[in-house]
Structure formats: C-alpha cells, structure tokens
Amino acid sequence: EIWNLVFIQFNRKPDSSLERLPACHVDTGMGFERLTSTLQNVNSNYDTDIFTPLFRAIEGFSDVGPYQGRVGKADEGNVDMAYRVVADHIRTLSFAIADGAYPNKDGR
C-alpha cells in the first residue's frame, strides 16, 4: 500500500457503538515513511535511511548484534522487533519534545 483513502463518517463511542459525524470527509495521503520507502525502493519503512541511523545508535548501546530486518519466525528472540519498537519510541519522543512536550512520570 502506497497511498490510502480513509472515509471518515463515524465516531466510535466508549460502548463501541457508532455515532454519525455532523460532517463526513475523506482523508487521503501517503505519509512520509511510505513516500521514503517508495523513493528508496525498499520493502519496509525500517529499511530506509530514516531508521538506519537509529538502528546503528541502538546497536552501539546493546550487545545483541546488528539489526538484520528479520520478521516473524526468522527473528529469533524478537531482536529485530525490539530494534523497531525502540526506534519508533525514540522518534515519537523526538517529535513530542519538538512540539513542546516534556516527558515525565507525573500524571500517570
């Protein structure tokens, strides 16, 4: 999937019922990571130069070996999945801090 269309017409309530929105619309887009993986001709967002510097930094702080891009049963011990999770969290925190959020333990 490169491009997506999302038809927004309902709000899901806490009881899982659907409530029609006062105005319906379509959200369409490609997303930065999808565009990058397409331009770099790789199969996964994680194989782009967006993530490789993060994987190299994580590798420097761990002793589990380099990121190999393995998934499913091929990823014994879920090492590569852990790389992806940590890299995603680093990116999320980076965006949150850039937006003015201050990560802390208060309000949990």
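1. Description of the packing of aromatic side chains
Logical step 1: Taken as a whole, this structure holds six aromatic pairs when the rule is applied.
Logical step 2: With a centroid separation of 6.1 Å and 25 degrees between ring planes, the pair formed by Phe51 and Phe55 is classed as stacked.
Logical step 3: Assessed through its relative accessible area of 2%, Phe51 is described here as buried.
Logical step 4: Relative accessible area serves as the criterion here: at 1%, Phe55 is assigned to the buried category.

2. Examining unusual backbone geometry
Logical step 1: Although it is not a glycine, Ser16 sits at a positive phi angle of roughly 75 degrees.
Logical step 2: Looking at the element boundaries, Ser16 is found in the loop between strand S1 (4-12) and strand S2 (18-29).
Logical step 3: Within the chain, Asn41 stands out as a residue other than glycine whose phi angle is a positive 55 degrees.
Logical step 4: Mapped onto the elements of the fold, Asn41 is located in the loop between helix H1 (32-39) and helix H2 (52-61).

Calculation notes
Residues numbered from 1 in each chain as written. Predicted model: local features only at pLDDT ≥ 70, side-chain atom pairs only at ≥ 80, totals over all residues. Heavy atoms only, no water. Phe/Tyr/Trp six-rings, centres within 6.5 Å; stacked < 30°, edge-to-face > 60°. Buried < 20%, exposed > 50% of the residue type's maximum accessible area, 1.4 Å probe, protein only. Helix = DSSP H or I, 4+ residues; strand = E, 2+ residues; numbered from the N terminus.

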